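An overview of the molecular structure
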Amino acid sequence: MTFKPAKWPRKLRSQAWYGGTSRDVIYHRGWLKNQGHPHDLFDGRPVIGILNTWSDLTPCNGHLRELAEKVKAGVWEAGGFPVEVPVFSASENTFRPTAMMFRNLAAMSIEEQMRGQPIDGAVLLVGCDKTTPSLLMAAASTDIPSIVVTGGPMLNGYFRGERVGSGTHLWKFSEAVKAGEMTQAEFLEAEASMSRSSGTCNTMGTASTMASMAEALGMALSGNAAIPAVDSRRRVMAQLSGRRIVQMVKDDLKPSDIMTKAAFENAIRTNGAIGGSTNAVIHLLAIAGRVGIDLTLDDWDRCGRGVATIVNLMPSGKYLMEEFFYAGGLPVVLKRLGEAGLLNKEALTVSGGAIWDEVKDVVNWNDDVILPLEKALTQQGGIAVLKGNLAPKGAVLKPSAASEHLLVHRGRAVVFEDIDDYKARIEDDALDIDETCVMVLKNCGPKGYPGMAEVGNMGLPPKVLKKGITDMVRISDARMSGTAYGTVVLHTSPEAAAGGPLAVVKTGDMIELDVPNRRLHLDISDAELAERLAAWKPGHETADSGYAWLHQAHVEGADTGADLGFLKGCRGAPVGKDSH
Ligand code: FES
């Protein structure tokens, strides 16, 4: 890490809109003055776009307008000129068919909002699952100085005295209802306890994972990820980030300076240590693709293998984000990685300094929440990348969320051709299935669903649940919610809708899963597999117009981040021609 700040003062890109006396400048500047801005604000100071993913329909980000005010205060204090800009907000709990289908659309639109407008620096005000990666992808593509401020997690939920984790307990309670262990009325009563404050999911689900990834990448101020949404320190963090981005612009500290290969390696190892979501795999690959870093699934296996999961949070463990914050949050984890030789200590952060300097003196205040190594939830955290004739380009599994006894398993496939087929048959007691079988779900990948929904952790058949069985091996080309758990093989690539081997699995085939040896094998001969693949014909629905068409035509495989191929790479932010 050697970052040399740029010389200041110098002319910034916003001056192409606001600097001088030409007719075009008077046009741009004059319009903005209708908001009551004095003339001297256009004197060349950094214009900071506060890119706000607030939306009434993204409840996880419902408090971001208040946080934006604190960011603005920080920008003013540091001598910048803040402008709040609403951007595409892909809510995980609202968008259909799945928010993931719109991550790339959001990234594409936000990239153009950054490039086409007079922004010298950006505060990425994010929270819900897809909002964090989509804005990081846009920032990476434009390479405009940017800093992440997440909205923070919700407070703990409690139901009848027990902690209730976002998502995690939704799955648990719904399985309990199916198993006859909980009534529907109790389930409804529990609903009110699940989301009792502003903020994102309070488990180490995808939102908390991506907040942690942003911090581990160096794209947020140290300590940002875990502060609860309603804690006053969240607002302080917003204000400090507003101050900081102004200096980042003056120094010309860009995403490409921060998001290096070393930073991605830090993020991957952090994901293992926190027991983070499998969704981080896809998002980090996509962000790396935008910044031009060669990151692969093999990097995930290489860096994540052997990283112990020390954060005792649901879905892998027992606590929630509130306790993680009280224990010291992500800086403690980064310190532990550094002490174990698993952190690229010199990696640069938005602070302008090395990541190690941010964390080396922090203290763990609760070693039941951030565990000592010998008490780790698993010594094999990280993401296992499986390969074999069923997943030539790879598939992923989260060992910390899986059942130990199923990590090596051979079972008879029970195939569901798509999610509708699964829903139609799973509750049928006549379905020929037991707990030794391997559930296979097809056509739920990036092209197939379309959008790659979080349906990979398909619920077990009620007749199996009623025996007290809570886990079976499941394989699909889908994703899984970061709040979910189970021995679930995901992101199988190439996906079924693209003619991957998953497409030709038949009920009754034998499948072998061997996580320690990273193997996923369909037990048929090479000749038979080739014959089946040659006979395969696409059968999934395809759109013939609109964004769904664009997505299906251009989305790439999960193994490379499921981005739209034509959006990969850093295009920078030239100011372009004037409009008049
Ligand atoms: Fe938005 Fe979990 S659904 S953060």
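First, a word on scope: everything that follows refers to the structure included in this document. In every chain, residue numbers begin from 1 and rise along the written sequence. At least 70 in pLDDT is required for a residue's local features to be given in this predicted model, at least 80 for side-chain atom pairs to be given and counted, and no such filter applies to totals for whole chains, interfaces and linings, which use all residues. Each side-chain value is worked out from all heavy atoms of the structure, with water and hydrogens disregarded.

**A word on the packing of aromatic side chains**
Heads up, the condition is: Aromatic pairs are defined between Phe, Tyr and Trp rings, using the six-membered ring for Trp, whenever the two ring centres lie within 6.5 Å; interplanar angles under 30 degrees are classed as stacked, those over 60 as edge-to-face, and all others as tilted. Per-residue accessibility, obtained with a 1.4 Å probe over protein chains only, is compared with the maximum for each type, and a residue is labelled buried under 20%, exposed over 50%, and partly exposed between these values. Where helices and strands are cited, they refer to DSSP runs of H or I of at least four residues and of E of at least two residues respectively, numbered from the N terminus.
One pass over the structure, following the stated rule, counts 10 aromatic pairs. For the pair Phe-95 and Phe-102, a centre-to-centre distance of 4.7 Å together with 40 degrees between the ring planes defines the contact as tilted. Overall, Phe-95 belongs to the partly exposed group, its relative accessible area being 29%. Ring centres of Phe-173 and Phe-187 lie 6.4 Å apart, and the angle between their planes is 75 degrees; on these two criteria the pair is classed as edge-to-face. Taken together, the residues span a long stretch of sequence, with Phe-173 in helix H6 (residues 168–178) and Phe-187 in helix H7 (residues 184–194) at a distance of 14 residues.

**Topic: helix H12 (residues 279–291)**
The criterion, for reference: Helix span, expected: 1.5 Å multiplied by one less than the number of residues in the helix.
The terminal C-alpha atoms of H12 lie 19 Å apart, and with 13 residues this matches the ideal 18 Å at 1.5 Å per residue to within 8%. Counting buried positions over the 13 residues of H12 gives 13, a clear majority of the element.

**Brief notes about the pairing of strand E13 (residues 510–514)**
We count it as follows: Strands were regarded as paired on the criterion that DSSP finds at least two bridges between them.
With four of five residues buried, E13 lies mostly within the body of the structure. Bridge analysis of strand E9 (residues 408–416) against E13 gives five bridges, and the strand direction is antiparallel. What sits directly across from Arg-410, in E13, is Glu-512. For E13 and strand E14 (residues 519–522), the ladder comprises four bridges, and the chain directions are antiparallel. Bridge pairing links Ile-511 to Leu-522 in E14. Here E13 folds back onto E14 in antiparallel fashion, the turn holding four residues, of which Arg-518 has a positive phi close to 55 degrees.

**Regarding the environment of Ala-354**
Among the structural elements, Ala-354 can be located in the loop between helix H15 (330–339) and helix H16 (355–359). Along the primary structure Ala-354 and Gly-242 are separated by 112 residues, whereas in three dimensions their C-alpha atoms are 20 Å apart.

**Section: the sheet that holds strand E1 (residues 47–52)**
How we decide: Lines fitted to C-alpha atoms define the axes, with helix axes restricted to the stretch in contact, and inter-axis angles between N-to-C directions lie between 0 and 180 degrees.
Spatially, E2-E1-E3-E4 is the arrangement adopted by the four strands of the open sheet, whose pairing is parallel. The open sheet has two edge strands, strand E2 (81–86) and strand E4 (146–150), and neither has a second partner. Each strand axis lies, on average, 20 degrees off the axis of its neighbour in the sheet, ignoring direction. Taken together, the six bridges between E1 and E2 define a ladder with parallel strand orientation.

**Some words on the environment of Ala-543**
For clarity, the cut-off: Contact criterion: two residues are considered in contact whenever any of their non-hydrogen atoms come within 4.5 Å of each other.
Within the secondary structure layout, Ala-543 lies in the loop between helix H19 (526–535) and helix H20 (546–554). Beyond its immediate sequence surroundings of up to four residues, Ala-543 is in contact with Ala-548, Trp-549 and Gln-552.

**Considerations on the nonpolar core**
Keep this limit in mind: The set of buried Ala, Val, Leu, Ile, Met, Phe, Trp, Tyr and Cys residues whose side-chain atoms join them within 4.5 Å is what this entry labels a nonpolar core.
Grouped together as the largest cluster of nonpolar side chains are 101 residues, with contacts concentrated most on Leu-51, Leu-284, Trp-300 and Phe-324. Take this core: its biggest share by element is eight residues, from H12. If you look at the next biggest cluster of nonpolar residues, it comprises 28 residues, including Ala-395, Leu-407, Ala-496 and Leu-520.

**Here's the deal with H20**
Cut-off, in case you're wondering: In this context, the arc is that of the directions from the helix axis out to the C-beta atoms.
Those residues of H20 that fall on the buried side of the exposure criterion are Tyr-547, His-551 and Gln-552. One side of H20 carries all its buried residues, which in axial view fall inside an arc of 130 degrees. Contacts made by the buried residues of H20 are with helix H4 (100–116).

**A few points about the packing of helix H11 (residues 261–274) against H12**
Basically, it comes down to this: Orientation labels follow simple angle bins: below 35 degrees gives roughly parallel, above 145 gives roughly antiparallel, 65 to 115 gives roughly perpendicular, and whatever is left gives oblique. As a working rule, the residues Ala, Val, Leu, Ile, Met, Phe, Trp, Tyr, Cys and Pro are called nonpolar, Asp, Glu, Lys and Arg charged, and the rest polar, with Gly in that last group.
Look at H11 against H12: their axes get within 11 Å of each other, and the N-to-C directions meet at 175 degrees. Relative to H12, H11 is oriented roughly antiparallel. Facing H11, whose interface residues are Phe-264, Ala-267, Ile-268 and Asn-271, H12 presents Ala-280, Leu-284, Ile-287, Ala-288 and Val-291. Split by residue class, the contact of H11 with H12 holds eight nonpolar, one polar and no charged.

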